[in-house]
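# Residue-level structural notes
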Amino acid sequence: MSAQVLDGKAVAAQVLQETRERVAALNDSGKTTTLATVLVGDDPASAAYVRSKRRRAAEVGIRSVHHQLGADSSQEQVVGLIGEINEDSGVDGILLQLPLPKGLDDQGATLTIDPSKDVDGLHPFNLGMIVLDRPGFAPCTPSGCLRILEHYQVPLSGANVVVVGRSFLVGRPLALLMASRGIDATVTIAHSRTADLAEVTRRADVLVVAVGRPEMVTDQHVRAGAVVIDVGINRTESGSLVGDVHYESVSKVAQAITPVPGGVGPMTVAMLMSNTARASEIPL
Ligand code: NAP
């Protein structure tokens, strides 16, 4: 048996098309949708991420305004800039590219973003809304995983979901979203201290892996017929990209699996665009 490929690129294209239509409808009503991007320092990977987000924004009709600060900026300068953008009624969403250069406080800076402009969904207010089961901006990678599962009509209500990884960026919010009312999965969170990881992951109907360890999860971790979402993005020595899941072995036992690249990756940027359209739709 070979697993069905859950095509994140195709689902992302659909999300982007929907977003394009929403942004066009806002334009028709006289509202321009604007994303402010903030990059501190000159890390090439971070700069490339910001460029690709701005490119996507342009493709769906979102105006982006870029703010560049030097690597030697102080926390006060970063927070000061965020404060100015918060006050700018012409800006709907703020993307602060993380991580900030060494010596600066990512979470302290994120905390100063106006939660109604927090389209990355990383402000404690929006993370807290997940705990309260209330609508807010959900972080982009977890909501991208959910959107893939929804698209392929993977049943989640009552399903055993195991999320491996408990970062505030991916694992933790995703586990909470999965267990929320309306989605209703029975969720286990596994991490580096989990005893007998393979025994835990083999209980999963849906297994999500976000650990940052190349091809760590093998067919030994996966029950036959499970659905596997691989969040990991790792670059090998030869320069190719691999996930946290050993695709070759797992795709022989799983019912369905996301590839890397072309799985969760494209969804993250698409959900950022969707959140930005939503920030523009909601009157302040
Ligand atoms: P992270 O902050 O480093 O968290 C990794 C998590 O994995 C931690 O909770 C850690 O457990 C757990 N872990 C590490 N080794 C483990 C092991 N041997 N067994 C079980 N659990 C283990 O990473 P992250 O930011 O969540 O990112 C995870 C992966 O997703 C990375 O490959 C990253 O590049 C990728 N990612 C992709 C996207 C996308 O757009 N597709 C977005 C974000 C991240 P402890 O808590 O016990 O340390």
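This is a predicted model, so every value here is computed, not measured.

### Quick notes on the site of the ligand
The immediate surroundings of the ligand are formed by 23 residues, with R166, S167, S192, R213 and T268 found nearest. Contacts to the ligand include V231, whose backbone N or O atom sits 3.4 Å from a nitrogen atom. Alone, the ligand offers 930 Å² of accessible surface; in the complex the protein occludes 71% of this. Of the residues forming the shell around the ligand, the biggest block, three residues, is contributed by helix α10 (residues 264-281). Partitioning the shell around the ligand into residue classes produces ten nonpolar, ten polar and three charged.

### A closer look at the sheet that holds strand β2 (residues 34-40)
Strand order across the open sheet formed by three strands is β3-β2-β4, with parallel pairing between neighbours. For this open sheet the edge positions go to β3 (63-69) and β4 (93-96), each flanked by a neighbour on one side alone. Averaged over neighbouring strand pairs, the angle between their axes works out to 20° when direction is ignored. Relative to β3, β2 runs parallel, the two sharing seven bridges. Across the sheet, residue T37 finds its bridge partner in β3, namely H66. The strands that helix α3 (residues 75-87) touches are β2, β3 and β4; relative to β3, the one it contacts most, it runs at about 160°.

### Structural notes on the pairing of β4
Side-chain alternation along β4 places G93 and L95 on one buried face and I94 and L96 on a second face that is also buried. Pairing of β2 with β4, which is carried by four bridges, proceeds in the parallel orientation. From the neighbouring strand, T37 faces β4, where its bridge partner is L95.

### Observations regarding the packing of aromatic side chains
Tallied over the full model, the rule gives zero aromatic pairs. Here the guanidinium or amino end of R278 rests over the ring plane of F137, the centre of that ring lying 5.0 Å away.

### Let's talk about the pattern of salt bridges
Tallied over the entire structure, the rule returns six salt bridges. The closest approach of N and O atoms between R147 and E18, which form a salt bridge, is 2.8 Å. Taken together, the residues span a long stretch of sequence, with R147 in helix α6 (residues 140-151) and E18 in helix α1 (residues 8-28) at a distance of 129 residues. R203 serves as the salt-bridge partner of E199, at 3.0 Å between the closest nitrogen and oxygen.

### A closer look at the layout of surface pockets
The computed volume of the largest pocket comes to approximately 1400 Å³. Listing elements by their share of the lining of the largest pocket, those giving two or more residues are α1, α2 (44-59), α4 (106-110), α6, β9 (234-235) and α10. Ranked by residues supplied to the lining of the largest pocket, first place goes to α2 with seven residues. Roughly 540 Å³ of volume is contained in the second largest pocket. Around the second largest pocket, the lining is made up of 24 residues, and of these A138, S143, L146, L177 and M271 lie nearest the centre.

Conventions we followed
Residues numbered from 1 in each chain as written. Predicted model: local features only at pLDDT ≥ 70, side-chain atom pairs only at ≥ 80, totals over all residues. Heavy atoms only, no water. Near = heavy atom within 4 Å. Polar contact = N/O pair within 3.5 Å; in protein donor to acceptor, adjacent residues only side chain to side chain. Areas by Shrake-Rupley, 256 points an atom, 1.4 Å probe, with all protein chains shown as cover. Helix = DSSP H or I, 4+ residues; strand = E, 2+ residues; numbered from the N terminus. Nonpolar A, V, L, I, M, F, W, Y, C, P; charged D, E, K, R; others polar. Pairing = 2+ DSSP bridges. Axes fitted to C-alpha atoms, helices over the stretch in contact; angles between N-to-C directions. Contact = heavy atoms within 4.5 Å. Buried < 20%, exposed > 50% of the residue type's maximum accessible area, 1.4 Å probe, protein only. Phe/Tyr/Trp six-rings, centres within 6.5 Å; stacked < 30°, edge-to-face > 60°. Lys NZ or Arg CZ within 6 Å of the ring centre and 35° of its normal. Salt bridge = Lys/Arg side-chain N within 4 Å of Asp/Glu carboxyl O. 1 Å grid on protein atoms, 1.4 Å probe; cavity = no way out; pocket = protein on both sides within 12 Å on 5 of 7 lines; lining within 4 Å. Points joined across faces, edges and corners; volume = space filled by probe spheres on them.

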